[in-house]
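Notes for the structure review
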Amino acid sequence: MPTTTWTRHHILSLADFTATEYNAVLQTAASFQEVLTRRMKKVPTLQGQVVANLFFEPSTRTRSSFELAAKRLSADTLNFSAANSSMTKGETILDTAKTYLAMGTDIMVVRHQDAGVPNAIATEMDRLGVKVSVLNAGDGQHEHPSQGLLDLFTICSLFDQDNPRIELLQGKKIAIVGDILHSRVARSNIWSLTAASGAELHLAAPPTLLPKLFADYGKDRPGKLFVHWELEPALQDADFVMTLRLQKERMTTHLLPSLREYHQLFGITRDKLRNCQDNVKILHPGPVNRGVEISSDLMDDPEFSLIQNQVTSGVAVRMALLYLIGSGKASE
(Lines give C-alpha, C1' and ligand atoms only; values in the text may rest on other atoms or scores of the structure.)
Protein backbone atom coordinates (compact mmCIF):
# COMPACT_ATOMS: atom_id res chain seq x y z
CA MET A 1 0.00 0.00 0.00
CA PRO A 2 1.14 3.60 -0.56
CA THR A 3 2.87 5.11 2.46
CA THR A 4 1.25 8.56 2.12
CA THR A 5 0.05 9.86 5.49
CA TRP A 6 -3.73 10.24 5.50
CA THR A 7 -5.20 12.76 7.94
CA ARG A 8 -8.74 13.31 6.63
CA HIS A 9 -11.24 11.93 9.16
CA HIS A 10 -14.39 12.27 7.02
CA ILE A 11 -14.86 12.25 3.24
CA LEU A 12 -17.74 14.61 2.55
CA SER A 13 -16.65 16.61 -0.51
CA LEU A 14 -13.89 16.78 -3.11
CA ALA A 15 -13.88 20.58 -3.17
CA ASP A 16 -10.85 20.84 -0.88
CA PHE A 17 -9.02 17.64 -1.84
CA THR A 18 -5.31 18.13 -2.53
CA ALA A 19 -3.33 16.52 -5.34
CA THR A 20 -1.58 14.42 -2.70
CA GLU A 21 -4.92 13.11 -1.42
CA TYR A 22 -6.14 12.33 -4.93
CA ASN A 23 -2.97 10.38 -5.62
CA ALA A 24 -3.22 8.51 -2.32
CA VAL A 25 -6.73 7.34 -3.26
CA LEU A 26 -5.73 6.45 -6.83
CA GLN A 27 -2.66 4.47 -5.85
CA THR A 28 -4.38 2.70 -2.96
CA ALA A 29 -7.23 1.77 -5.30
CA ALA A 30 -4.71 0.39 -7.82
CA SER A 31 -3.34 -1.89 -5.08
CA PHE A 32 -6.83 -3.13 -4.25
CA GLN A 33 -7.64 -3.56 -7.95
CA GLU A 34 -4.80 -6.06 -8.05
CA VAL A 35 -6.18 -7.79 -4.94
CA LEU A 36 -9.55 -8.19 -6.67
CA THR A 37 -7.93 -10.20 -9.49
CA ARG A 38 -6.67 -12.87 -7.07
CA ARG A 39 -8.41 -16.11 -6.27
CA MET A 40 -8.69 -14.98 -2.64
CA LYS A 41 -10.18 -11.50 -2.93
CA LYS A 42 -10.32 -10.72 0.80
CA VAL A 43 -7.79 -8.92 2.97
CA PRO A 44 -7.97 -8.58 6.78
CA THR A 45 -7.42 -4.80 6.76
CA LEU A 46 -10.65 -3.78 8.56
CA GLN A 47 -11.25 -7.00 10.46
CA GLY A 48 -13.17 -6.24 13.65
CA GLN A 49 -14.48 -2.89 12.41
CA VAL A 50 -18.12 -2.16 11.61
CA VAL A 51 -19.22 -0.28 8.48
CA ALA A 52 -22.84 0.92 8.51
CA ASN A 53 -24.43 1.74 5.15
CA LEU A 54 -27.05 4.36 6.01
CA PHE A 55 -28.90 4.77 2.73
CA PHE A 56 -31.92 7.00 3.23
CA GLU A 57 -32.37 7.08 -0.57
CA PRO A 58 -32.69 4.07 -2.92
CA SER A 59 -29.47 2.93 -4.59
CA THR A 60 -28.24 -0.15 -6.40
CA ARG A 61 -24.68 0.43 -7.64
CA THR A 62 -23.35 2.61 -4.84
CA ARG A 63 -24.83 0.61 -1.97
CA SER A 64 -23.81 -2.77 -3.40
CA SER A 65 -20.35 -1.45 -4.19
CA PHE A 66 -19.76 -0.12 -0.67
CA GLU A 67 -21.09 -3.30 0.91
CA LEU A 68 -18.84 -5.50 -1.22
CA ALA A 69 -15.87 -3.19 -0.59
CA ALA A 70 -16.36 -3.45 3.19
CA LYS A 71 -16.65 -7.23 3.02
CA ARG A 72 -13.52 -7.51 0.87
CA LEU A 73 -11.73 -5.64 3.68
CA SER A 74 -13.16 -8.15 6.22
CA ALA A 75 -15.31 -5.55 7.99
CA ASP A 76 -18.69 -6.37 9.51
CA THR A 77 -21.51 -4.54 7.72
CA LEU A 78 -24.84 -3.13 8.82
CA ASN A 79 -27.36 -2.06 6.20
CA PHE A 80 -30.03 0.53 6.94
CA SER A 81 -33.27 0.90 4.97
CA ALA A 82 -35.44 3.95 5.70
CA ALA A 83 -38.63 2.17 4.64
CA ASN A 84 -38.16 -0.51 7.31
CA SER A 85 -36.72 1.68 10.06
CA SER A 86 -38.00 3.53 13.11
CA MET A 87 -37.95 6.71 11.03
CA THR A 88 -41.42 5.68 9.91
CA LYS A 89 -42.37 6.11 13.59
CA GLY A 90 -40.84 9.56 13.91
CA GLU A 91 -37.18 8.87 14.73
CA THR A 92 -34.83 11.60 13.50
CA ILE A 93 -31.81 11.10 11.23
CA LEU A 94 -29.37 11.96 14.03
CA ASP A 95 -31.14 9.56 16.41
CA THR A 96 -30.78 6.84 13.78
CA ALA A 97 -27.07 7.60 13.42
CA LYS A 98 -26.60 7.48 17.20
CA THR A 99 -28.37 4.12 17.32
CA TYR A 100 -25.79 2.72 14.90
CA LEU A 101 -23.05 4.41 16.93
CA ALA A 102 -24.28 2.53 20.00
CA MET A 103 -23.95 -0.73 18.05
CA GLY A 104 -20.23 -0.10 17.66
CA THR A 105 -20.10 1.40 14.18
CA ASP A 106 -16.68 2.69 13.11
CA ILE A 107 -17.53 4.09 9.66
CA MET A 108 -20.88 5.42 8.46
CA VAL A 109 -21.52 5.52 4.71
CA VAL A 110 -24.40 7.97 4.25
CA ARG A 111 -26.64 8.63 1.27
CA HIS A 112 -29.59 11.01 1.44
CA GLN A 113 -31.86 12.86 -0.96
CA ASP A 114 -31.20 16.15 0.85
CA ALA A 115 -27.91 18.02 0.66
CA GLY A 116 -25.97 18.34 3.90
CA VAL A 117 -27.15 15.25 5.77
CA PRO A 118 -23.74 13.46 5.78
CA ASN A 119 -22.15 16.71 7.01
CA ALA A 120 -24.73 16.97 9.79
CA ILE A 121 -24.05 13.41 10.94
CA ALA A 122 -20.29 14.00 10.80
CA THR A 123 -20.69 17.18 12.88
CA GLU A 124 -22.73 15.28 15.46
CA MET A 125 -20.14 12.48 15.69
CA ASP A 126 -17.43 15.08 16.21
CA ARG A 127 -19.52 16.85 18.86
CA LEU A 128 -19.90 13.58 20.72
CA GLY A 129 -16.13 13.13 20.65
CA VAL A 130 -16.26 9.68 19.03
CA LYS A 131 -13.85 8.42 16.38
CA VAL A 132 -16.53 7.52 13.85
CA SER A 133 -15.78 8.52 10.26
CA VAL A 134 -18.53 9.56 7.84
CA LEU A 135 -18.29 8.98 4.10
CA ASN A 136 -20.70 10.82 1.82
CA ALA A 137 -22.26 8.36 -0.64
CA GLY A 138 -24.31 11.09 -2.34
CA ASP A 139 -26.40 13.89 -0.87
CA GLY A 140 -29.07 15.78 -2.78
CA GLN A 141 -27.65 18.17 -5.37
CA HIS A 142 -24.41 18.55 -3.44
CA GLU A 143 -21.79 15.89 -4.12
CA HIS A 144 -20.99 12.22 -4.70
CA PRO A 145 -17.27 11.97 -3.82
CA SER A 146 -16.76 8.24 -4.34
CA GLN A 147 -18.28 8.42 -7.83
CA GLY A 148 -16.03 11.34 -8.73
CA LEU A 149 -13.01 9.40 -7.49
CA LEU A 150 -13.89 6.20 -9.33
CA ASP A 151 -14.41 8.17 -12.55
CA LEU A 152 -11.00 9.75 -12.01
CA PHE A 153 -9.47 6.33 -11.32
CA THR A 154 -11.07 4.86 -14.45
CA ILE A 155 -9.56 7.61 -16.62
CA CYS A 156 -6.10 7.72 -15.04
CA SER A 157 -5.76 3.92 -15.06
CA LEU A 158 -6.02 3.94 -18.85
CA PHE A 159 -2.72 5.80 -19.00
CA ASP A 160 -0.89 4.00 -16.18
CA GLN A 161 -2.62 1.01 -14.64
CA ASP A 162 0.03 0.41 -11.98
CA ASN A 163 0.55 4.03 -10.97
CA PRO A 164 -2.54 6.14 -11.73
CA ARG A 165 -2.07 9.76 -10.67
CA ILE A 166 -3.72 13.11 -11.09
CA GLU A 167 -0.91 14.50 -13.24
CA LEU A 168 -1.96 12.17 -16.07
CA LEU A 169 -4.88 14.52 -16.78
CA GLN A 170 -2.51 17.20 -18.04
CA GLY A 171 -3.23 18.03 -21.66
CA LYS A 172 -6.48 16.04 -21.68
CA LYS A 173 -9.88 17.40 -22.66
CA ILE A 174 -12.89 15.93 -20.90
CA ALA A 175 -16.51 16.78 -21.69
CA ILE A 176 -19.43 16.29 -19.31
CA VAL A 177 -22.79 16.37 -21.08
CA GLY A 178 -26.29 16.24 -19.63
CA ASP A 179 -28.31 17.16 -16.57
CA ILE A 180 -25.58 19.06 -14.77
CA LEU A 181 -28.03 21.18 -12.76
CA HIS A 182 -29.35 18.23 -10.75
CA SER A 183 -26.18 16.12 -10.76
CA ARG A 184 -24.12 15.60 -7.61
CA VAL A 185 -21.83 13.44 -9.76
CA ALA A 186 -21.09 16.42 -12.00
CA ARG A 187 -20.20 18.59 -9.02
CA SER A 188 -17.72 16.05 -7.64
CA ASN A 189 -16.24 15.49 -11.10
CA ILE A 190 -15.79 19.23 -11.58
CA TRP A 191 -13.49 19.26 -8.55
CA SER A 192 -11.56 16.11 -9.41
CA LEU A 193 -11.16 16.66 -13.16
CA THR A 194 -9.88 20.21 -12.75
CA ALA A 195 -7.36 19.22 -10.08
CA ALA A 196 -4.46 18.91 -12.55
CA SER A 197 -2.82 21.88 -14.22
CA GLY A 198 -3.24 21.69 -18.00
CA ALA A 199 -6.47 19.66 -17.90
CA GLU A 200 -9.60 21.02 -19.60
CA LEU A 201 -13.13 20.23 -18.48
CA HIS A 202 -16.00 21.27 -20.75
CA LEU A 203 -19.61 21.23 -19.53
CA ALA A 204 -22.40 21.04 -22.11
CA ALA A 205 -26.18 21.07 -21.70
CA PRO A 206 -29.25 23.15 -22.55
CA PRO A 207 -29.30 26.45 -20.59
CA THR A 208 -32.09 25.10 -18.37
CA LEU A 209 -29.79 22.31 -17.18
CA LEU A 210 -26.56 24.33 -17.04
CA PRO A 211 -26.92 27.71 -15.31
CA LYS A 212 -24.19 30.34 -15.69
CA LEU A 213 -23.19 29.87 -12.05
CA PHE A 214 -21.32 26.69 -12.96
CA ALA A 215 -18.65 28.81 -14.61
CA ASP A 216 -17.73 30.00 -11.10
CA TYR A 217 -16.71 26.45 -10.15
CA GLY A 218 -13.67 26.86 -12.40
CA LYS A 219 -12.24 29.89 -10.64
CA ASP A 220 -8.88 29.34 -8.93
CA ARG A 221 -8.68 25.70 -10.09
CA PRO A 222 -5.43 24.24 -11.50
CA GLY A 223 -7.31 23.02 -14.59
CA LYS A 224 -9.59 25.04 -16.84
CA LEU A 225 -13.39 24.86 -16.89
CA PHE A 226 -15.59 25.87 -19.83
CA VAL A 227 -19.39 26.07 -20.09
CA HIS A 228 -21.24 25.46 -23.38
CA TRP A 229 -24.92 25.50 -24.31
CA GLU A 230 -24.19 23.66 -27.54
CA LEU A 231 -22.65 20.22 -27.84
CA GLU A 232 -20.15 20.62 -30.68
CA PRO A 233 -17.54 22.88 -28.97
CA ALA A 234 -17.50 20.59 -25.94
CA LEU A 235 -16.85 17.51 -28.07
CA GLN A 236 -14.26 19.08 -30.38
CA ASP A 237 -11.02 17.08 -29.88
CA ALA A 238 -12.27 15.61 -26.58
CA ASP A 239 -10.36 12.66 -25.14
CA PHE A 240 -13.22 11.60 -22.84
CA VAL A 241 -16.96 12.22 -22.87
CA MET A 242 -19.04 11.64 -19.75
CA THR A 243 -22.77 11.73 -20.29
CA LEU A 244 -25.18 12.16 -17.37
CA ARG A 245 -28.65 10.80 -16.74
CA LEU A 246 -31.61 13.16 -17.08
CA GLN A 247 -32.90 13.16 -13.50
CA LYS A 248 -36.57 13.51 -14.26
CA GLU A 249 -37.49 12.70 -10.66
CA ARG A 250 -35.77 15.91 -9.54
CA MET A 251 -37.21 18.15 -12.25
CA THR A 252 -40.07 20.11 -10.73
CA THR A 253 -40.72 22.08 -13.91
CA HIS A 254 -40.62 21.35 -17.64
CA LEU A 255 -36.96 22.02 -18.39
CA LEU A 256 -36.90 20.25 -21.78
CA PRO A 257 -39.29 20.34 -24.75
CA SER A 258 -39.03 16.55 -25.19
CA LEU A 259 -36.65 13.63 -24.73
CA ARG A 260 -36.53 13.21 -28.50
CA GLU A 261 -35.29 16.78 -28.98
CA TYR A 262 -32.78 16.40 -26.16
CA HIS A 263 -31.31 13.29 -27.81
CA GLN A 264 -31.10 15.05 -31.16
CA LEU A 265 -29.17 17.98 -29.68
CA PHE A 266 -27.20 16.47 -26.79
CA GLY A 267 -27.47 12.69 -27.01
CA ILE A 268 -24.11 11.01 -27.65
CA THR A 269 -24.00 8.98 -30.87
CA ARG A 270 -21.27 7.61 -33.12
CA ASP A 271 -21.87 10.40 -35.60
CA LYS A 272 -21.34 13.10 -32.97
CA LEU A 273 -18.12 11.46 -31.76
CA ARG A 274 -16.48 12.32 -35.09
CA ASN A 275 -15.61 15.70 -33.58
CA CYS A 276 -13.62 13.98 -30.79
CA GLN A 277 -10.21 12.40 -30.76
CA ASP A 278 -10.06 9.11 -32.68
CA ASN A 279 -9.52 7.10 -29.48
CA VAL A 280 -12.21 8.92 -27.46
CA LYS A 281 -13.73 6.99 -24.55
CA ILE A 282 -17.26 7.27 -23.14
CA LEU A 283 -18.29 7.23 -19.47
CA HIS A 284 -21.65 7.26 -17.70
CA PRO A 285 -22.17 6.97 -13.91
CA GLY A 286 -25.47 5.09 -14.40
CA PRO A 287 -28.23 4.27 -14.41
CA VAL A 288 -28.58 4.99 -18.13
CA ASN A 289 -31.62 6.07 -20.11
CA ARG A 290 -30.72 4.17 -23.27
CA GLY A 291 -31.41 6.08 -26.44
CA VAL A 292 -31.70 9.39 -24.56
CA GLU A 293 -28.30 10.38 -23.14
CA ILE A 294 -26.40 7.87 -25.26
CA SER A 295 -27.24 5.52 -28.10
CA SER A 296 -27.63 1.93 -26.97
CA ASP A 297 -25.15 0.49 -29.45
CA LEU A 298 -22.45 2.95 -28.37
CA MET A 299 -23.01 2.19 -24.70
CA ASP A 300 -22.34 -1.51 -25.31
CA ASP A 301 -19.34 -1.06 -27.62
CA PRO A 302 -16.12 -1.93 -25.69
CA GLU A 303 -14.08 0.05 -28.23
CA PHE A 304 -15.60 3.27 -26.86
CA SER A 305 -17.42 2.53 -23.60
CA LEU A 306 -15.78 2.56 -20.16
CA ILE A 307 -19.10 2.11 -18.36
CA GLN A 308 -18.39 -1.43 -17.15
CA ASN A 309 -14.88 -0.32 -16.16
CA GLN A 310 -16.48 2.32 -13.95
CA VAL A 311 -18.56 -0.30 -12.13
CA THR A 312 -15.51 -2.53 -11.61
CA SER A 313 -13.38 0.43 -10.49
CA GLY A 314 -16.03 1.35 -7.94
CA VAL A 315 -15.26 -1.57 -5.63
CA ALA A 316 -11.49 -0.90 -5.60
CA VAL A 317 -11.93 2.85 -5.05
CA ARG A 318 -14.42 2.35 -2.23
CA MET A 319 -12.10 -0.20 -0.65
CA ALA A 320 -9.40 2.46 -0.80
CA LEU A 321 -11.63 5.09 0.85
CA LEU A 322 -12.70 2.74 3.66
CA TYR A 323 -9.08 1.70 4.15
CA LEU A 324 -7.79 5.27 4.30
CA ILE A 325 -10.32 6.48 6.87
CA GLY A 326 -10.29 3.15 8.70
CA SER A 327 -7.04 1.36 9.46
CA GLY A 328 -5.11 3.72 7.17
CA LYS A 329 -5.66 6.79 9.38
CA ALA A 330 -2.23 7.68 10.64
CA SER A 331 -3.57 10.46 12.83
CA GLU A 332 -5.50 8.23 15.21
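Residues numbered from 1 in each chain as written. Predicted model: local features only at pLDDT ≥ 70, side-chain atom pairs only at ≥ 80, totals over all residues. Heavy atoms only, no water.

Before going further, it helps to spend a moment on the sheet that holds strand E6 (residues 200-204). Pairing is parallel across the open sheet formed by five strands, whose spatial order is E7-E6-E5-E8-E9. Only two strands of the sheet have a single neighbouring strand rather than two, namely strand E7 (224-228) and strand E9 (281-283). Each adjacent strand pair in this sheet contributes to an overall mean axis angle of 20 degrees, direction not counted. The pairing of strand E8 (residues 240-243) with E9 spans three bridges and is classified as parallel. Residue Val241 lies in a different strand from E9, and its bridge partner there is Ile282. Contacts from helix H6 (residues 184-193) reach strand E5 (173-177), E6, E7 and E8, with the element oriented near 160 degrees to E6. (Pairing = 2+ DSSP bridges. Helix = DSSP H or I, 4+ residues; strand = E, 2+ residues; numbered from the N terminus. Axes fitted to C-alpha atoms, helices over the stretch in contact; angles between N-to-C directions. Contact = heavy atoms within 4.5 Å.)

Residues Leu169, Val241, Ile268 and Leu322 are the most contacted members of the largest nonpolar core, which totals 94 residues. With residues near it in sequence (within four places) discarded, Ile268 still touches Val177, Leu231, Leu235, Val241, Thr243, Leu273, Ile282, Glu293, Ile294, Ser295 and Leu298. Core analysis: the second largest hydrophobic core is formed by 15 residues, Val110, Val117, Ala122 and Val134 among them. (Core = buried A, V, L, I, M, F, W, Y, C linked by side-chain atoms within 4.5 Å. Buried < 20%, exposed > 50% of the residue type's maximum accessible area, 1.4 Å probe, protein only.)

Under the counting rule described, the total for this entry stands at nine aromatic pairs. Relative to Tyr100, the ring of Phe80 has its centre 6.1 Å away and its plane inclined at 85 degrees; by these criteria the two rings are edge-to-face. Taken together, the positions of Phe80 in strand E2 (residues 76-81) and Tyr100 in helix H3 (residues 93-102) put the pair 20 residues apart, joining distant regions of the chain. The pair formed by Phe80 and Tyr100 is uniform in burial state, with each residue classed as buried. Taken together, the ring pairs in this structure connect Trp6, Phe17 and Tyr22 into an aromatic cluster. (Phe/Tyr/Trp six-rings, centres within 6.5 Å; stacked < 30°, edge-to-face > 60°.)

Moving on, we come to the UniProt feature "binding site: L-aspartate" (unreviewed entry) in the chain. Within this numbering scheme, the UniProt entry marks Lys89, Arg184 and Arg245 as carrying the feature "binding site: L-aspartate" (unreviewed entry). Restricting the annotated residues just mentioned to those that line the largest pocket leaves Arg184 and Arg245. According to the relative accessible area criterion, Arg184 is buried, its value standing at 6%. With residues up to four places along the chain from it excluded, the contact list for Arg245 reads Asp179, His284, Pro287, Asn289 and Glu293. (UniProt positions renumbered as here; feature names shortened; annotations may be inferred. 1 Å grid on protein atoms, 1.4 Å probe; cavity = no way out; pocket = protein on both sides within 12 Å on 5 of 7 lines; lining within 4 Å.)

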